[in-house]
Every structure is written in C-alpha cells, then in structure tokens.
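Geometric and topological summary
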Amino acid sequence: MTGADAYRALGALAPGVTVVTVNKRLARALQREHAVRERAAGRTAWETPDILPWRAWLQRSWEALLHGAALGTGNRAADLPGMLLDPLQERVLWSDIVRRSPTGEGLLRPEAAARLAIEAHALRAAWIPETTRIDASSRDVRAFLDWSRSFDMRCRDEGWIDAARLPDLLADAWKRGALPLPPVLYLAGFDELTLQQRRLFDMLAGAGTRIIAEPLPEESAAGTLEVFNDVEAESFAAACWARRCLERSGHGGGRIAIVTPEPGPLLRMLDEVLDPVSILPGRAPEHPLYDVSLGEPLADWPVVRAALTALELTAGTIALTEAGALLRSPFLAGAETEMTARGLLDARLRRQGMTRVSVDDLISAASKEGPQRCDILVTTLRLWRRELRGLPERMAPSAWAERVLHLLHVLGWPGERPLDSREYQTVEAWRELVSRLSSLDRIRPALSLGETRALLAGMAAERIFQPEGAEDAPIQVLGMLEAAVMRFDHLRVLGMHDGAWPPVPDPNPFLPLALQRQLGIPGTTPEGELGRARRLLDRLRAAAPEPRFSHAAHEGDRELRVSPLVDGMPAPQPEAQVAAPLFRTHIHDAARLERHVDAAGTPFAGVEAPGGTKLFQYQAQCPFRAYAALRLEARPLDDPEPGPDARLRGTIMHRALDLLWRELGGSARLHALADSELEALLAQAVDGALDEFQRHYTRNLLEVERGRLRRRLREWLEIERARMPFEVEQLEEEQQLTVGGLRISMRIDRVDRLSADGRPVLIDYKTGKTEPKDWFGERPAEPQLPLYSLALGNEDVAGLLYGSLKPGSIGYVGVTDEDGIIIDAKGVRSHEQLTCRDGEDWEAQRMFWKDALERLARDFRAGCATVDPLDPPASCRYCGLETLCRIGDGAAPVDDAPEAEA
C-alpha cells in the first residue's frame, strides 16, 4: 500500500470501531494521518475518530464503569475501589515505600530504584501468572517483593487501584456484564501481546466483541542501504533526499517519512536544507515542511529549564554555571533590558572564583556600582526572597502547585518578550504539569518546598513533550513503531548500525532473569530482541515502495558497523546520492570578497604598562592577545571549579615560601636547624599561608592541602640545602622599570646574594611547566626573569632561575654565568648553552634581552595587533580569545602588518 491508501486502521474506521494503539505516539500519528486524509477529501469538519492508546482506552473504560455504577446501571459505587492511581501518584507512593524500607535506606538513588520497581510490578502483572512462585534467592528480588507487598497492602487499605491491575479488574467487569462490551476493537502496533492482554482480548472475543489485529505485511520491498561517515553527514543526506522528493512530487504529491533515533542533528539539517532563512536569529518557518512526532523531556526545553533552575535556587545555593545560565536566560523579568549587564555580572562572579551562589550573593553582586549593575534583577530577587521567607515549612501539594506558579510569576517568568508558538505551548505544558501536584493530596497530605522541587524536576524529566506542528506537513519525522504501521510514498530510516539495531537486551533487575527469559518477556534475550527487530523491519520495508536505510560509520572515536538485519542490502543508484549544497554554501560561493588587513589599533598614549610583565608576555606570544586583553580588556569566561584552582594553589605555595624564607633568611640557618625545628617552621609557614585563603576550602580539603604543602616544601628545602651558601636579600619586593617608554611595576619572587662574591641570583617560583628556552629569541615568550635582570641595572647577575615546584620535577631550572653556582640542581645550565647567538658573553645576552623587550614595548605603544601566535597551536591553547581573533578562519600574515616606528 502507498501513501494514498494510508494505513489499514484508518480504512477500518466506522461507527462502533475503536482503534487501540500500543502507545501514545502511534495514536497521535494516526489522528494526524486521519486529519490529512479528511482535508485532502475537501472536508473542513469531521467526526473525531475513536483512536486511543492502550492506557487511555483502559482509563476511558474505567470511567465508564464508574459512571454506570453512579447511575445504578452497574455495580453500586460503594462496591468499587475509591480511586484509580495516576502515574504520578503511583510513582510517589512507590518512592515513599522504597525510601522508608530497610533496604531503601542504604540506596544512593532511591528514585531510580522506585522507577525500576514500578516497571517490575507492571511486568509481573502483565506476564507472570498469579500462581507462579518467584524465586527470592536474589537480594534485589527479595527487596522488590517486600516493596510490592507494602504497595498492595497500602492500596487495599486505602481502596486504591493501580494501572497494573486495571486490565484484570475491567475484564471481570465485562465478564459480569457490569460494563457494555465494545463492538469492534482494532489493535494497531500490537505485534506481541502480554499474557494479561491476551486474557482480556480473549474474554472480550468470547463475549461477542470483534477483535481485529493488524497483520504482518505479506509483501515488502527489498530496500537499499547507504553508509555515511558520521551522524551529521547521514542527517544532511536525509534532508537533501527529502528536498528532492518534494521537488519531484510537489508539496501535495506524496507522503515522506524519516525515521531517526536521534532527531536533533536531523532537524537542524532539515531547517538548513528546506528553509534556510529559518535558521537566522529571530526567524522561524512560516509554513513548516516537516512535523515531528518524537519529543524531548519537558525539562530540556529552555523556558522550563529556567523555571527549574529558579526553583533550585530556593534550596540555598546553586552551581555558578547554572546561576549564569539563569542570569543570561530571556525568561526572567528585565532579561532583555539588562541583557548586557547580566552577562557582565556572570563574568564577574566567575572571576571571583565562586562555584556556588545564593540569592543573597546575586543581590549583593548585582547591586555593586559598575557596568554589571542590574537594578531590575535586584528588585525582582528582593521581592522573591521576601516571598520565600513567608512560605510555611509544609503545605498540601495542591497549595504548593499554586505557590510555585506564584513564585515564578514574581520572578517575571516567562520573561518580558513575546513568546513564540513553541515557547507558549511549552509554558502551558509546564503549568499543566505543576497543576498535577494537586492529585497528590491523598497520597502525601503535606510536602516541604524541597520535596515539591524534587517532584517537579522528576516529573519534567519524565514528561516527553513535543509542541504541535504542521499536521499536514509533507515530511514526517517519526519513531520506528509509528512509521512501521503507516504507509508512505517515500521512507528513509536512519541509525541502522549494530549498536542500536537490534536493541541490546535490558532485563529488569527486580525479577528473576531465568523467569523473565522463560516467559519471553521483551528485553531479556538476544534471540527475542532479534525476532522483534525482524518483525518491525518487515513492517518498515512494507511501509513504502522503495524504503532507504542508512547508518553512520563513526560516532566520535567509536567505529560503527552495519546492523546484520540490513547488511547485504544493495546501495541506491549513484545519482540518488547527490547532495544539494547548503544555503550558506551558496552564499559563500556567490560572494565576492575583498581582502583588507587591519592589524593596527589605536596607539597607546599612556606611560604605566597595563598588566605589568604580562604586557611583554602577551605581546611576545601574540600581539593581538596583548591588544585585546590589555587594551580592550577582553577575557574569556572563567570556568569555576570546586575547591581552589591551580592558580590559587600556586598563590598559596608562593605565600608559604615567602613566610618560610622570611624566617630562615638564608642557607646558614637552614643548615643549622634541627629536623624537628625545621618541621615546626614548615608547619608555621603552611598554616600562615592557608589562613589567608581558608575560605576557599572545606575542613577536610584544608587538611589535605596542608599535608600536600608540607611534603612539597620539605622536598624543596632538600634542594636548597645542596646549594652554595647564600643569603636571601629580597622577597616579593616591588620594582619599577622603564622599557621602551613604558613604566612597569613588577614583583620579584626572590633575590639571593651568593656568600662567596655577593652577586645576586634572581629566582621566580613556578608550580607549572618551566622552559628557560622561552626566555630567548626575538620574541621571548616568558620574559619575566629577563625583565627582572634589567631591573638590577648594571649589577653583575650570577643567575636567572626558575624554582620549579611541579610534582615530579622539583628543582632549579635556569641559566647561570658559570657552572657550580647551583650544586646538584638538575636542569641548571650555563648561559653558553642557551644563549641566542654563539660567542656572546653574559652582558651581551642581557643587552640582547633589553633590545628585544624594548621592541615589544614599542610595538605595543604603536597599537600593533597582528594575529601572529609565536608557536601555534601552543600559544593559542590558553588564550581563550579565538572567537575574537578568528584565527581558525585564517589570520593575516605578519608581513602585512605595519611596523612600529623605532
């Protein structure tokens, strides 16, 4: 059958016929297909077809039973259970039982255990005969049976009925004549009935209901198979194929379907290929050419994610990354008006090293004077804080439903700008979800705000949502099951690799595996999954005259192989694989580009060097980085980490060394101290350094850091003991130096005086990678020590040293004017081995540095901003300004940049 014949269930529709589908998505697809057919027949109004998913059909039958009892046409209402539990009520009830049980107290994720227990409960009712003895030798099975008994007892005491028992209860009602029999039931998508379903349908058939099951197709097309490098290429080819189908047949000339397990990449490609203008900011397709039956968790939609993050903030603190997303969200009051200021506020909080923030933190930071000040945000958060403080500790779920929506309203959610259609539908879905809390009043009479927040987060994560689309769109993006029971003119199935098809067995851990396999419960054996996959594949091959299958050969670094179920299918005709270029490619190819190199910014008129020694470091590594970071004050967003980051740990190490050498003073006292005295001095220096930064540490982390510092410093002092005698002359002393017309303020970590001849040795501590070779060349990448040497004027410097404190390479690394100054210090070499030009002495090397540094200073003052990394990609690795300089798009050659005047 082709697209014009649609699906047999639609042809079977007649008065008295009810189509029961295996799931909601298939019911929605059939409703949509029926609407398309009615419009194609010229009708503007029609009777809604009786198409219901399995659970909705059971629900309607239950309501008919209650209605009949209330009218006196069936059992008396008093003889019926008082309430049918909805899915939310069941989940909360199971969660309570699991959490309060002796087994559940030790679980890390009781909610996950409760979900699996609900699934096991449903499988037990659907597949396992009541007389079956379940082997309880497994601890997991014993736990489930205990939970299940508690659940059944609670339902019996309260007069509740759960969804797993509903088919049996309805079967009994139909058998007793308490409920009118359905005349005709057409079963769609039920390739395999559970034991419970077979009992129900057999009973109905015996009582006079006509049961029609959709048969497996008798004939199917062979199909073709294509292989692509990755998912992006596969999705792009599918979008181009859909466009060609439209161009050949016209908008109304055929039904086109694409089946995909991962809709994200496909939808992006469909937008770009079918309606390129829709991908531009602020644009949306006016007449969508595709409709999506697949959905995403409601929690993943941005407007709902903003609401959930705001509610998380009621817990006290949230991660700074989440707070930043909330600050930049368009769904709060003043979001459009304060867009720039809130982005700057996020950046400032990151620079402060905060990893978690509270409402008070946000109010305080947003109140400070400066470009990050956000008055609307401050006013809104103060009102919201006042509302939070007025909340009672516990309330009924129905009261929380009203209060949660009010709290979001106080925040200005869902924002000040008009919502588009998809956002509006998402907001309505969220409000409907929040209102469902009211159904819990009989399950949990009172909830705390934290419990309400957790419930809503779980509900939103489980609720699969897809906004209403264009039901008559010629292209349908579907899941496997709904596509397999419909008919199309063109069909393409993506993702047919062996890792996904057939599915990997995933048995429930709370039922004995041997019993699950014995009864043939789906998802328990490879053979069973293979059989189900083959039946579904037969349906897919019969769903269109020439179905196409494809798979990606790679997923990241992982290699994917073709599914054995489609292996051996022929490739399509070569002309069918021709891909239309993207709209952006057309624009790029049609453009006539002019090349203009602008590598010079505004000259720097000041005297004080911004950034201190970093000016020379950045200018040497890349002139653009120096201009952007120090003149434009551009910087990447900091990435907050839990606990102190590497930069802070380095600062603490520097401070501990400073305190230590202020007490020691030189090598003489270091050698004179007994081990116990030295240990006491080490402890004093470490404690003094940590006291200044202890707010960044938890108590346990502080102890770990204290031990780490002591071990590192103890190892360092062994290196110091091996040196020639010295006195420490300066520690963290500020120096002034003028280079190339720029006055630099810098702080030298340490200056030692050799006892033998009084010459100075300059030391710069490093906790990261150290490379003295970076001091040399026309553009010295690490110019701090050469700058320090110039600050001493004409004094004869004996050595420039990195004090490397990196684990595994502790010691001195650097340059000295003669061997033996640092005895047994690995990595220290004389200047002759590292000098830029052969034959030059130590003084000549210092003059070379002076010339190189003055040249860098002149370039900076001239506004030189060439994108010219010294050692790509190493120079770009920690820059963070790639999106500003766009080096990946091709930077201007150095030769094109104007030279600074001498």
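Values in this document were obtained by computation on a predicted structure and should not be read as measured data.

Attention shifts here to the pattern of salt bridges. Opposite charge on two side chains permits them to pair, given that their charged atoms come into close proximity. The tally for this structure, following the rule as stated, stands at 52 salt bridges. Here arginine 91 makes a salt bridge to glutamate 462, at a shortest N to O gap of 3.3 Å. Here the residue arginine 91 occupies a position in helix α4 (residues 87–100), and glutamate 462 occupies one in helix α18 (residues 449–462), the gap between them amounting to 371 residues. Since its relative accessible area comes to 7%, arginine 91 is described here as buried. The salt bridge partner of arginine 535 is glutamate 192, with a shortest N-O separation of 3.9 Å. Here arginine 535 is found in helix α21 (residues 526–541), whereas its partner glutamate 192 is found in the loop between β5 (184–188) and α8 (195–207), with 343 residues between them in sequence. Classification of arginine 535 by relative accessible area gives partly exposed; the value is 26%. The class for glutamate 192 is partly exposed, based on a relative accessible area of 32%. Within the structure, one salt-bridge network assembled from shared partners comprises Arg91, Asp96, Arg99, Glu111, Arg115, Arg444 and Glu462.

Turning our attention to the sheet that holds strand β8 (residues 256–259). Working definition: the strands of a sheet are paired by backbone hydrogen bonds and lie parallel or antiparallel to each other. An order of β7-β18-β17-β8-β16-β9 is seen for the six strands of this open sheet, with the pairing classed as parallel. Edge strands, defined here as strands with exactly one partner in the open sheet, are β7 (224–228) and β9 (290–292). Strand after strand, the sheet turns through a mean of 20 degrees between neighbouring axes, direction not considered. The pairing of β8 with strand β16 (residues 475–478) spans four bridges and is parallel. From the neighbouring strand, isoleucine 258 faces β16, where its bridge partner is valine 477.

This next bit is on the side chain of glutamate 423. Its place among the elements puts glutamate 423 in helix α17 (residues 421–435). For glutamate 423, a relative accessible area of 15% gives the class buried. A polar contact is formed between the side chain of glutamate 423 and the side chain of arginine 417, at a distance of 2.9 Å. With residues up to four places along the chain from it excluded, the contact list for glutamate 423 reads Val303, Phe331, Arg417 and Pro418.

With that out of the way, let us pick up the packing of aromatic side chains. Going through the model one piece at a time under the given rule, you end up with 14 aromatic pairs. With a centroid separation of 5.8 Å and an interplanar angle of 65 degrees, the aromatic rings of tryptophan 54 and phenylalanine 201 are classed as edge-to-face. Of the two residues, tryptophan 54 is situated in helix α3 (residues 54–71) and phenylalanine 201 in helix α8; the sequence distance between them amounts to 147 residues. Here tryptophan 54 matches phenylalanine 201 in class, with each residue buried. Note on phenylalanine 604 and phenylalanine 860: the rings are 5.5 Å apart at their centroids and 55 degrees apart in plane angle, and the pair reads as tilted. With phenylalanine 604 in the loop between α22 (583–590) and α23 (614–621) and phenylalanine 860 in helix α30 (residues 842–862), this residue pair connects regions lying 256 residues apart in the sequence. With respect to class, phenylalanine 604 is no different from phenylalanine 860; both count as buried.

For the chain, the mean per-residue pLDDT works out to 82, and 87% of the residues sit at or above 70. Across residues 1–6 the pLDDT falls below 50, and counting only partners more than four positions away or on other chains, this stretch makes 15 contacts in the model. Below a pLDDT of 50 lies the segment residues 824–839, which in the model reaches 38 contacts outside its immediate sequence neighbourhood of four places, other chains included.

Bringing the environment of aspartate 275 into the picture now. On the secondary structure map, aspartate 275 appears in the loop between α10 (263–274) and β9. A relative accessible area of 25% means that aspartate 275 is categorised as partly exposed. Note: C-alpha distance between aspartate 275 and leucine 289 (14 residues apart in sequence) is 8.3 Å.

Here we come to the packing of α4 against α18. At their nearest, the axes of α4 and α18 sit 12 Å apart, and the two run at 125 degrees to each other. As the angle between them shows, α4 and α18 are arranged oblique. Considering the relative orientation of α4 and α18, their crossing is right-handed. Along its contact with α4, which presents Leu88, Arg91 and Val92, the element α18 presents Leu455, Gly458, Met459 and Glu462. When the residues that make up the contact of α4 with α18 are grouped by side-chain class, the tally is four nonpolar, one polar and two charged.

Between helix α11 (residues 302–312) and α18, the least distance of the axes is 10 Å, while the angle of their chain directions is 160 degrees. Classed by the angle they form, the pair α11 and α18 counts as roughly antiparallel. Taken as a pair, α11 and α18 cross one another with a handedness that is left-handed. In contact with Val304, Leu308, Leu311 and Glu312 of α11, α18 contributes Arg453, Leu456, Ala457 and Ala460.

With respect to the helices and strands, arginine 635 occurs in the loop between α24 (623–631) and α25 (646–664). With a relative accessible area of 47%, arginine 635 lands in the partly exposed category. For arginine 635 and leucine 881, which are 246 residues apart along the polypeptide, the C-alpha to C-alpha distance reads 6.9 Å. Here arginine 635 is in contact with Arg351 and Leu881, once residues within four sequence places are set aside.

On to α23. With seven of its eight residues buried, α23 lies for the most part within the structure. All of the buried residues along α23 are Leu615, Phe616, Gln617, Tyr618, Gln619, Ala620 and Gln621.

Here we have four strands laid out as an open sheet, ordered β2-β1-β5-β6, and parallel in their pairing. Either end of the sheet is taken by a strand with one partner, and the two such strands are β2 (51–53) and β6 (210–213). Across the sheet, the mean angle from the axis of one strand to that of its neighbour is 25 degrees, orientation sign disregarded. One ladder, built from three bridges, connects strand β1 (residues 17–21) with β2; its direction is parallel. By the bridge assignment for β2, valine 20 is matched with leucine 52. Contacts from helix α2 (residues 24–40) reach β1, β2 and β5 within the one sheet, and its direction differs from that of β2 by about 165 degrees.

Rules used throughout
Residues numbered from 1 in each chain as written. Predicted model: local features only at pLDDT ≥ 70, side-chain atom pairs only at ≥ 80, totals over all residues. Heavy atoms only, no water. Salt bridge = Lys/Arg side-chain N within 4 Å of Asp/Glu carboxyl O. Helix = DSSP H or I, 4+ residues; strand = E, 2+ residues; numbered from the N terminus. Buried < 20%, exposed > 50% of the residue type's maximum accessible area, 1.4 Å probe, protein only. Pairing = 2+ DSSP bridges. Axes fitted to C-alpha atoms, helices over the stretch in contact; angles between N-to-C directions. Polar contact = N/O pair within 3.5 Å; in protein donor to acceptor, adjacent residues only side chain to side chain. Contact = heavy atoms within 4.5 Å. Phe/Tyr/Trp six-rings, centres within 6.5 Å; stacked < 30°, edge-to-face > 60°. pLDDT = per-residue confidence, 0-100. Parallel < 35°, antiparallel > 145°, perpendicular 65-115°, else oblique. Left-handed = near helix turned anticlockwise from the far one by under 90°. Nonpolar A, V, L, I, M, F, W, Y, C, P; charged D, E, K, R; others polar.

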